[in-house]
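Each chain, letter by letter, is given below.
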Amino acid sequence: MTCEELREDYTSYALGIAGDPERAEIAAHLARQCPNCVPGLASAMATVTAMSGAVKVVQPPRHLRRRVLAAIEPRPTRWSLGAVLPWAITAAMSIALLSIGLSGRRAGDTARLEQALSILNDPATRDVTFGETDRPSKGRVFVSPDKGVVFIGASLPRLDSGKTFELWVIPAKGNPVPAGLFQSEPDATAVFVRPGPVENAAAIAVTVEPAGGSPQPTTTPFIITKL
Amino acid sequence: MQMVDSPAIGGINGTSPGVWRYARQRTLCMFASGIIFPGLLLAVEMSGKHDEDIARRLQRRDTIAMGELYDRFGRIAYSVILAIVRDAALAEDLVQETFLRVWNRIQAFEPGRGALGPWLLAIARNRAIDHLRSLSARMDRNACELDAREHPSLFVDMEREVLNTDHARVIRSAIAKLSDNQRKVIELAYYEGLSQTEMAERMGEPLGTVKTWVRSALRHLREELGQAVAA
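The structure presented is a predicted model; accordingly, all values stated were derived computationally and were not measured.

1. Observations concerning the overall build of chain B
- In terms of regular secondary structure, chain B is built from 10 helices and 2 strands.
- Reading the helices (α) and strands (β) of chain B from amino to carboxyl end gives β-α-β-α-α-α-α-α-α-α-α-α.
- The proportion of buried residues among the 231 residues of chain B is 52%.
- In chain B, the share of contacts with a sequence separation of at least 24, taken over all contacts with a separation of at least 6, comes to 81%.

2. Let's talk about the nonpolar core
- By size, the foremost hydrophobic cluster in this structure holds 74 residues, and its most contacted members are Leu 41 and Met 45 of chain A together with Ala 77, Val 80 and Ile 81 of chain B.
- If you tally residues by element for this core, the top one is helix 3 (residues 63–85) of chain B, at 13 residues.
- Val 80 of chain B has contacts with Ser 52 and Val 55 of chain A together with Leu 121, Ala 124, Arg 125 and Ala 128 of chain B, leaving out every residue within four places of it along the chain.

3. Looking at the environment of Tyr 10 of chain A
- Along the polypeptide, Tyr 10 of chain A turns up in helix 2 (residues 10–15).
- What Tyr 10 of chain A contacts, discounting residues up to four positions off in sequence, is Gly 40, Leu 41 and Ala 44 of chain A.

4. Observations concerning helix 8 (residues 180–192) of chain B
All names here are of chain B.
- An ideal rise of 1.5 Å per residue puts 18 Å on 13 residues; helix 8 measures up with 17 Å between its terminal C-alpha atoms.
- For helix 8, the complete set of buried residues consists of Gln 182, Val 185, Ile 186, Leu 188, Ala 189, Tyr 190 and Tyr 191.
- Gly 193 lies just past helix 8 and shows a positive phi near 65 degrees.

5. Quick notes on the sheet that holds strand 6 (residues 190–195) of chain A
Residue and element names in this part refer to chain A.
- Pairing within the open sheet is antiparallel, and its 4 strands lie in the order 1-2-3-6. Looking at strand neighbours, the two that pair on one side only are strand 1 (126–130) and strand 6, the edges of this open sheet. In this sheet, adjacent strand axes meet at a mean angle of 10 degrees when their direction is disregarded.
- As defined by bridge partners, strand 2 (residues 138–144) adjoins strand 3 (residues 148–154) across 7 bridges and the pair is classed as antiparallel. Across the sheet, Ser 144 pairs through a bridge with Gly 148, a residue of strand 3.

Analysis parameters
- Residues numbered from 1 in each chain as written.
- Chains lettered and ligands numbered in written order.
- Predicted model: local features only at pLDDT ≥ 70, side-chain atom pairs only at ≥ 80, totals over all residues.
- Helix = DSSP H or I, 4+ residues; strand = E, 2+ residues; numbered from the N terminus.
- Buried ≥ 20, exposed ≤ 12 C-beta atoms within 10 Å, placed from the backbone.
- Contact = placed C-beta atoms within 7 Å.
- Core = buried A, V, L, I, M, F, W, Y, C linked by C-beta atoms within 7 Å.
- Expected span 1.5 Å × (residues − 1).
- Pairing = 2+ DSSP bridges.
- Axes fitted to C-alpha atoms, helices over the stretch in contact; angles between N-to-C directions.

This is how it looks when you write it as structure tokens:
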């Protein structure tokens, strides 16, 4: 569609109410820094901003300022995960393998570790670290288009009874795809392996869902990380 | 809607490039939405230079500047988010996310040309709408498009007095003339981020009718504003 045809929908897009095909068209124009649509959207954003400036004013709690500022302060543990993660993964895998080798208590563990190592060793695997600054939970996700997903998380939220974590693969277009359920360890960590092809993954998310999982997310993802 | 009886933020001054007349008109239109947003904003004047200074210091990772940013926009960001999610604890979470997002993305912001407050408020609203959409399993749109609507390039040369008190009065008067249905669709758009299709389902009205209300509402506001500016 031409910029002129899209012009009437700039404000709708800015408000997030535009429907397709206009929504997709404007997004495409923005993505290529269209000289007409970028300023057009800027003016529409001014409209939305003005609406925001006119809402009923509510005084936030005093502790919120401290909380916001605390969140940007370097945290003592922040450096450690990214810096030592490759080593930590290797060590964790080795310990797990050793444990399984010594005890042989669960045949499925060996299979899962093999799947995890297969994903980690795939040259096509993409990985992304999450939660370094803006979320309490932190960790890393490895995604192999052919082999699957390895999720490693720490500082995960405590699950209430009858709840489970659910991993989602979010495609570039379309609804989130369920990618498995998992629980955390008592120390709030989790290593989850979901073998199998992963198609068109644009992001990975984790939500808290009722036991048994949900076909679509029912809560806000506490982890959502773009690939 | 209740009346606003305290200042939302300090007023935002700055240059008003003529090329942004269209933006000004649309902005003023919506800001006058006295029925939807009947708030009385009591602006406390602060200079655009102050925002520019804050932005530059944020780019140097000055944490004190972050405190100043919060002092300037924390209340309005919290108010916007709370108005949308209607949950105080959740609003706190989303305010934190908002400011962290500014902190993490400030390097893409142009301090001399960008409008810091409007950018932050766009992020704040998007975080809240993002939450609502995740509840209704519309996460795909969240993940892929909210970022596009809060890119700093969309806030370059924006009029910084977009939150000016006088503008609010003009627009409040204009929006008072909207019909109930026109007002309703604008509320559903702003506070819930519903698409026009979703509005039609919610209201039990044909999509074409809803689109007509949305377009006529915006057209009416533009016309009202145009007269006000011309006067």
